[in-house]
Amino acid sequence: MIRSKIKICGLSKIETLNFCIKNKVDYFGMIFYDKSPRFINYKIAAELINFAKNKSITPVGVFVNCEIKNLIEILKKINLKFIQLHGNENNEYLKKIKKNIDVKIIKCLGIEKKKDFDLLKSFSFADYFLFDYKAKKNDLPGGNAKSFDWSLLNDLKIEKPWFISGGININNIKEIDEYVIPYGIDISSGVEEQKGIKNLKKINDLMNKIHE
């Protein structure tokens, strides 16, 4: 398997972050969505960002339909340079953020059928994309431990780097390269013992599997 970047999402503890760094995880996500069991407050997030400074891992803040003014204030306050937008944000929303602050944006798109990829051309201000299971009415915006049909990625031409997400764990991560080699692989529930509680052994086992 060609080495995709690895992002582990939903971190809230220094211990877990330090373990991810030792296991050569490339990105870590912090969920700023208060309806998520993985929600993190800004004080703890600032501590994680500070701990990660000058280390080989990049912090990513995950937001869902956050008011732009509030979002920009948060990014400046905790010095966050990478965000992931997991709601209904449009390209104009991304444009306004970029106009006000220097930040890299990952825009999440829910995928259920091939036609869903048509939305890619609507987000010229995104730096990266993340393809996830398309949430249904009672689902969270992400972290549902559900996958979309990865074969939809076959023969897809995407100009910008992108991540794959949704129900990825130690049992299926090697299947991804049967279809495509993504820029990054985003994992959350696949390394948890319960929602919001990361399991260090699962992280270790998964990273060992990747490096086989």
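Residues numbered from 1 in each chain as written. Predicted model: local features only at pLDDT ≥ 70, side-chain atom pairs only at ≥ 80, totals over all residues. Heavy atoms only, no water.

## Overview of the packing of aromatic side chains
(1) Moving on: Under the counting rule described, the total for this entry stands at twelve aromatic pairs.
(2) Moving on: Judged by centre distance (5.4 Å) and plane angle (45 degrees), the ring pair of Phe82 and Tyr128 falls under tilted. Of the two residues, Phe82 is situated in strand β4 (residues 82-85) and Tyr128 in strand β6 (residues 128-133); the sequence distance between them amounts to 46 residues.
(3) Moving on: Judged by relative accessible area, Phe82 falls into the buried class, the value being 9%.
(4) Moving on: Grouping aromatic residues by their ring pairs yields a cluster made of Tyr27, Phe82, Tyr128, Phe163 and Tyr183.
(5) Moving on: Cation over ring: Lys55 sits above Phe51, and NZ or CZ is 4.5 Å from the ring centre. (Phe/Tyr/Trp six-rings, centres within 6.5 Å; stacked < 30°, edge-to-face > 60°. Helix = DSSP H or I, 4+ residues; strand = E, 2+ residues; numbered from the N terminus. Buried < 20%, exposed > 50% of the residue type's maximum accessible area, 1.4 Å probe, protein only. Lys NZ or Arg CZ within 6 Å of the ring centre and 35° of its normal.)

## Quick notes on the sheet that holds β4
(1) Moving on: Taken together, the eight strands give a closed barrel; going around it, the order is β1-β2-β3-β4-β5-β6-β7-β8, and neighbouring strands pair in parallel fashion. Across the sheet, the mean angle from the axis of one strand to that of its neighbour is 25 degrees, orientation sign disregarded.
(2) Moving on: Bridge analysis of strand β1 (residues 5-9) against strand β8 (residues 184-187) gives four bridges, and the strand direction is parallel. Within β8, the residue paired with Ile8 across the bridge is Ile187.
(3) Moving on: Docked against the sheet, helix α4 (residues 91-100) engages β4 and β5 (104-111), running at close to 165 degrees with respect to β5. (Pairing = 2+ DSSP bridges. Axes fitted to C-alpha atoms, helices over the stretch in contact; angles between N-to-C directions. Contact = heavy atoms within 4.5 Å.)

Interpretation note: all reported values are geometric properties and have no functional meaning in isolation.
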